[in-house]
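For reference, the chains in residue letters:
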Amino acid sequence: MPDRESLLDRFCRYVRIDTQSSATSSSYPSTEKQKDLLRVLVADLKAAGLADAEMDEHGYVMATLPSNIPPGHPAFGKVPTLGLLGHVDTYHEVSGAGVQPQVHRYYDGGDIVLPGDPSVVIRAAEEPALAACKGLTIVTGDGTTLLGADDKAGVAEIFEALWRFHDQPTRLHGPIRVAFTPDEEVGRGTEHFDVKRFGATFAYTVDGSGVGELESETFCADTAFLTVTGADVHPGYAKGKMLNAVRILADLIMALPQHRTPETTEGREGYLHPINVSGNVSEAKAQFLVRDFAEEGLRDLEATLNAAAAWVERKYPGARAQVEIKESYRNMKYVLDQHAHVTDYAEEAIRRAGLTPKRSSIRGGTDGARLTFMGVPTPNLFDGSMNFHGKKEYVPLEWMESAVDTMLHLFDIWVEKSRD
Ligand SMILES: [Zn+2]
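### Concerning the overall build of the protein chain
Next up, step 1: For the protein chain, the helix and strand inventory stands at 10 helices and 17 strands.
Next up, step 2: Once the C-alpha set of the protein chain is aligned to its principal axes, its extents read approximately 85 × 55 × 40 Å.
Next up, step 3: When the 420 residues of the protein chain are sorted by exposure, 55% land in the buried category.
Next up, step 4: Of the contacts made within the protein chain by residues no fewer than 6 positions apart, 80% connect residues no fewer than 24 positions apart.
Next up, step 5: Here the protein chain has roughly 17,700 Å² of accessible surface; of this, 51% comes from carbon and sulfur atoms.

Here you go:
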């Protein structure tokens, strides 16, 4: 199938370009090399007929595929501008330099030994999703780097969808805005994102996750800052006088429920997670991530932290333990629920692509969630990539094709539903 091969070629071309972002850099984009791919994408968008493609000074690439709905058609002028987004950067803690994509055709269902480092083996027994991949074409790295299917699979799929529209001029779609962004992996993908310039009413990220998945929920997140104030005295004469803030803080942290930590939770369970501590005998501070899918859940966890603070104040008379809460981000579901059709159409599109939609929630934040709160409701469509952020990352080509089909069906549905 020529389409499938062009999708594969494009994907392999993109993953060979090193676009690793950096969590320690303060520049934007965090690494200049992300622009190497972003520049290629501008040229490729123009080749696909999106004449206004351009990169701004921050590295964001945007382009328009104008509506082809003819005047007189019942949906003419009625389909809102829809956005498609993919990120170009790869995970900051695993090398993405010199990626050598390996194409395993007619996968036999067994273990996949990666040739660049034969100690890296994608084991069928450890990867339940592989069982469904027998006979498919699987792309991996060579074992020395990640693959970068997160999110270059999504980027390549968006291109393939644009080319299908190019090759099927009678297939109608409303106005489409495409954006390729840097620095998603370091949580800064929307830092300079110009929502006005983007101009989409609703959008979809095409990023991460297995075939058929649709993500419309993220965590609600707060950060809690705890300050314990003790009383320092010369340790030789401290009996009955010293209040050691270091020990009081340690006591407080160990009194928190140990089943509400990242190490002990999954699925829809929230957690209270100390991420750093500092201080001395007079004063000790700790910072906590507070995560849950509902704001009430955050309140419960924060009440637990406050109760622990009150408990150490009683246990160590004279010591103080103060908690300050700062909001980080909220579950995008709160906004997406007000525009339920945006996610419902995506679910219908997945079904029309012959798949069973799986609504899932992300135990973290996403660029889509931030865009949702910046005024562009943006759920996430699957790109088919698996094991992302590691050397065992893989993506079945047929799943990438399903992602392309899903996007095309999605635009069909928007045209169908936008008549009166
Ligand atoms: Zn991603």
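### Points about the sheet that holds strand β4 (residues 102-104)
Next up, step 1: With antiparallel pairing, 3 strands are arranged side by side in an open sheet as β4-β7-β17. Of all the strands in the sheet, the pair left with one neighbour each is β4 and β17 (394-396). Put simply, the sheet's adjacent strands are angled 20 degrees from each other on average, direction ignored.
Next up, step 2: When β4 meets strand β7 (residues 138-140), the two strands line up antiparallel, connected through 3 bridges. Paired with V103 across the strands is V139, a residue of β7.

### Overview of the nonpolar core
Next up, step 1: Residues F11, L41, L45, F180 and W414 are the most contacted members of the largest nonpolar core, which totals 75 residues.
Next up, step 2: In terms of residue count, the dominant contributor to this core is helix α10 (residues 397-417) (12 residues).
Next up, step 3: With residues near it in sequence (within four places) discarded, F180 still touches L38, L41, L45, G59, Y60, V61, G86, V88, V155, I158 and F159.
Next up, step 4: If you look at the next biggest cluster of nonpolar residues, it comprises 25 residues, including L243, A308, A309 and V312.

### Observations regarding the state of the cysteines
Next up, step 1: What the rule picks out here adds up to 0 disulfides.
Next up, step 2: With no disulfide of its own, C133 lies 16 Å from the sulfur of C12, the closest cysteine sulfur.

Thresholds applied
- Residues numbered from 1 in each chain as written.
- Predicted model: local features only at pLDDT ≥ 70, side-chain atom pairs only at ≥ 80, totals over all residues.
- Heavy atoms only, no water.
- Helix = DSSP H or I, 4+ residues; strand = E, 2+ residues; numbered from the N terminus.
- Buried < 20%, exposed > 50% of the residue type's maximum accessible area, 1.4 Å probe, protein only.
- Contact = heavy atoms within 4.5 Å.
- Areas by Shrake-Rupley, 256 points an atom, 1.4 Å probe, with all protein chains shown as cover.
- Pairing = 2+ DSSP bridges.
- Axes fitted to C-alpha atoms, helices over the stretch in contact; angles between N-to-C directions.
- Core = buried A, V, L, I, M, F, W, Y, C linked by side-chain atoms within 4.5 Å.
- Disulfide = S-S within 2.5 Å.

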